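Reading the structure
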Amino acid sequence: MSTTAFFVPRTVEQAIDLKREHGKNLVVLGGGTIVMGLVHDGLLFPKLAMSLARAGMSDVRRRDGWLEIGAATPIARLAALKGATTLERAAGMLGGPALRTLATAGGNLFAKAPYGDMCVPLLAMDAELEIAGAGRRYTVPLEQFLSRRSLKNDELVVSIHVPKAQGRGAYLKLGRRQANTPSVVAVAVQAVLDTNGKCTDVRIALGAAAPQAVRAKKAEAVLIGRRLEDATIKAAAESAQAECNPATDSLASAWYRREMVGVFVHRALDELGRST
Amino acid sequence: MATQLATHIVTFQLNGRPHAVTVAPLTTLRTALREDLHLHATKAGCGQGGCGSCTVLLDNELVLSCLVPVTLVDGRSVTTLEGIGGPGRLHPLQEAFHDHFAAQCGYCTAGMIMAAKWLLDRNPNPTRAEIQMALAGNLCRCTGYVPIIEAIEDAARRMSKGVKR
């Protein structure tokens, strides 16, 4: 291995300085669960590496009803949150216990499909990312970040901001085994129903159904203004199935994933329709 | 900031005693344990965090030592299988694994026992489902999961009765 330096910055500012100085030559580790695997496989030879584990980015705070999750917060910490949201469910179903100790919320945003389950509930909850660079900080919707991946050389994702969950949520994951497995598909839904049971707001997010987690917006449009009845749910599930773009890999074929997107969107909406 | 240029020294508590290793940047805890400190219970499996054979405790939390740069272990506390018991002073988990024939090739055993210890430290009387979920990250390619789970159930019983630990 030819890594010449491994930096362990103690503050976000130090981490940004290093990013500005070394740019793309600097490989960033959240918990190392993605990078170290690539290094062991001989697919990545970092000349310079940096861990964010000690940079003061591992806190979870509540502010004005929002949840602010430091980018280096371990997944295990999210799984132990007591907010009964789809975020905790997804965190608890990611990998095994030892992986959850290491893997981080921020790192998971950079995992390629079929990994990166955390993006699924985060998209459904309309999360934003706080990005810091030299002399600037700004937020960007997660959806925009996932589609454009436009981090500049000196920028880091420092935290994930999750608005208070509106309405009801569901998260379902299908894997080849019950735990410690990447997703065949993952589905998160967050929906607000009015007093007549009509859907006034809904977000459906799909994991492992495209190169990155995506919203199923045509399926969402099917649901708006309607009750979660069988025919509507069926139409939404078929729409999600049609608009997703899954890949074939060693876990599942694209055909099977597309079928399962339909099945699991259907099940998630069923679950929401039944819960009151 | 700890900038670790080229080879550097890392010191940490290993199985209750201070140790130091001199390592290159990005050397993993697994490599330091096996190749520098010659503790071979911790196994090198997939190197991807998928198999669990390198599982150890870091500050009493379960981690995959193949994914942890040992630089990040500086000043912390590591427990490996060698630290919980050995010949003549077996931990109840080790005794139970022996009694239940819970090892075939034995490659997964160290990781299984560390995951089981982590579980029993937090939950001395787990259900079968809780044991299964605690072991979710540990693969046994001999597929001898049933005796492993039975051994952990038995170890929990032995430990709750105060049989030597």
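Residues numbered from 1 in each chain as written. Chains lettered and ligands numbered in written order. Predicted model: local features only at pLDDT ≥ 70, side-chain atom pairs only at ≥ 80, totals over all residues. Heavy atoms only, no water.

Overview of the environment of A:Ala213
Residue and element names in this part refer to chain A.
- Relative to the assigned elements, alanine 213 resides in the loop between strand E11 (199-207) and strand E12 (214-215).
- Judged by relative accessible area, which is 12%, alanine 213 ranks as buried.
- Separated by 22 residues in the primary sequence, alanine 213 and alanine 235 place their C-alpha atoms 21 Å from one another.
- Contact partners of alanine 213, with chain neighbours within four places excluded, come to Cys119, Val120, Leu123, Leu146 and Leu206. (Helix = DSSP H or I, 4+ residues; strand = E, 2+ residues; numbered from the N terminus. Buried < 20%, exposed > 50% of the residue type's maximum accessible area, 1.4 Å probe, protein only. Contact = heavy atoms within 4.5 Å.)

Here's the deal with helix H10 (residues 230-243) of chain A
Residue and element names in this part refer to chain A.
- Taking 1.5 Å of rise per residue, the 14 residues of H10 would be expected to cover 20 Å, and the 20 Å separating its terminal C-alpha atoms lies within 8% of that figure.
- Those residues of H10 that sit buried are Thr232, Ile233, Ala236, Ala237, Ser239, Ala240 and Gln241.
- Of the surrounding elements, those touching the buried residues of H10 are E11, helix H9 (217-223) and helix H11 (254-274). (Expected span 1.5 Å × (residues − 1).)

Focus: the interface of chain A and chain B
- Contact residues are listed per partner, giving 34 residues for chain A and 32 residues for chain B.
- In total, about 2,600 Å² of surface goes out of reach between chain A and chain B, with carbon and sulfur atoms giving 67% of it.
- Of all residues in chain A, the largest losses of buried area upon contact with chain B belong to A:Phe6, A:His40 and A:Pro97, amounting jointly to 22% of the total for that side.
- Inspection of the region where chain A meets chain B yields zero salt bridges.
- The set of elements that each furnish at least two residues to the side of chain A that touches chain B consists of strand E1 (5-8), helix H1 (12-22), helix H2 (35-40), strand E3 (48-51) and helix H5 (97-102) of chain A. (Buried area = accessible area lost by both parts, 1.4 Å probe. Salt bridge = Lys/Arg side-chain N within 4 Å of Asp/Glu carboxyl O.)

Details of the domain arrangement of chain B
All names here are of chain B.
- Structurally, chain B comprises domain 1 (8-83) and domain 2 (85-160).
- Computed from C-alpha atoms alone, the centre-to-centre distance between domain 1 and domain 2 is 21 Å.
- Between domain 1 and domain 2, the residue contacts involve 19 residues of the former and 15 residues of the latter.
- Carbon and sulfur atoms make up 57% of the surface buried where domain 1 meets domain 2, a total of about 1,400 Å² over both sides.
- Linking domain 1 to domain 2 there are one salt bridge. (Domains from an automatic or database assignment.)

Let's talk about the packing of aromatic side chains
All names here are of chain A.
- With the rule as written, the count across this model stands at one aromatic pair over all chains.
- Both rings, one in phenylalanine 110 and one in phenylalanine 145, keep their centres 5.7 Å apart while their planes meet at 85°; by these two values the pair is edge-to-face. On the criterion of sequence distance, the pair formed by phenylalanine 110 in the loop between helix H6 (105-108) and helix H7 (119-124) and phenylalanine 145 in helix H8 (residues 142-148) is long-range, its members being 35 residues apart.
- By relative accessible area, which is 41% here, phenylalanine 110 ends up partly exposed. (Phe/Tyr/Trp six-rings, centres within 6.5 Å; stacked < 30°, edge-to-face > 60°.)

Overview of the sheet that holds strand E5 (residues 66-70) of chain A
Residue and element names in this part refer to chain A.
- Across the sheet, five strands lie side by side as E4-E5-E8-E6-E7; this open sheet has antiparallel pairing. If you trace the sheet from one side to the other, it starts and ends with strand E4 (60-63) and strand E7 (136-141), each paired once. Ignoring strand direction, the axes of neighbouring strands in this sheet form an average angle of 25°.
- Relative to E7, strand E6 (residues 128-133) runs antiparallel, the two being bridged by six bridges. In the strand pairing of E7, glycine 133 is matched with arginine 136. (Pairing = 2+ DSSP bridges. Axes fitted to C-alpha atoms, helices over the stretch in contact; angles between N-to-C directions.)

Focus: the packing of helix H4 (residues 109-122) of chain B against helix H6 (residues 145-160) of chain B
Residue and element names in this part refer to chain B.
- For the pair H4 and H6, interaxial distance at closest approach is 11 Å and the crossing angle is 40°. The orientation of H4 with respect to H6, classified from their angle, is oblique. As H4 runs across H6, the sense of the crossing is right-handed. Between H4, through Met112, Ala116 and Leu120, and H6, the contact on the second element is made entirely by Tyr145, Ile148, Ile152, Ala155, Ala156 and Met159. (Parallel < 35°, antiparallel > 145°, perpendicular 65-115°, else oblique. Left-handed = near helix turned anticlockwise from the far one by under 90°.)

Considerations on H1(A)
Residue and element names in this part refer to chain A.
- When H1 is considered as a whole, its buried residues turn out to be Val12, Ala15, Ile16, Leu18, Lys19 and His22. Looking down the long axis of H1, one finds its buried residues gathered within 160° of arc, a one-sided arrangement. Among the exposed residues of H1, those oriented more than 90 degrees off its buried face are Arg20 and Glu21.
- For H1, the secondary structure elements touched by its buried residues are E1, strand E2 (26-29), E3, E6, E7 and strand E8 (156-162).
- Remark: glycine 23 follows H1 within two positions and exhibits a positive phi of approximately 55°. (Arc of directions from axis to C-beta.)

Observations regarding the domain arrangement of chain A
Residue and element names in this part refer to chain A.
- Assigned domains of chain A: these are domain 1 (5-51), domain 2 (60-162) and domain 3 (170-274).
- The gap between the C-alpha centroids of domain 1 and domain 2 is 18 Å.
- Taken together, the 14 residues of domain 1 in the interface contact 16 residues of domain 2.
- For the domain 1 and domain 2 pair, buried surface summed over both sides reaches about 1,100 Å², with 71% attributable to carbon and sulfur atoms.
- If you sort the residues of domain 1 by the area they bury against domain 2, Ile16, Lys19 and Thr33 come out on top, with a joint share of 42%.

A few points about the sheet that holds E12(A)
Residue and element names in this part refer to chain A.
- Taken together, four strands build an open sheet; the order of strands is E9-E10-E11-E12 and the sheet is antiparallel. For this open sheet the edge positions go to strand E9 (168-174) and E12, each flanked by a neighbour on one side alone.
- Examined bridge by bridge, E9 and strand E10 (residues 185-193) share seven bridges and lie antiparallel to one another. Looking across to E10, one finds that tyrosine 171 is bridged to alanine 188.
- Each of E9, E10 and E11 touches H11; the most contacted strand, E9, lies at about 150° to it.

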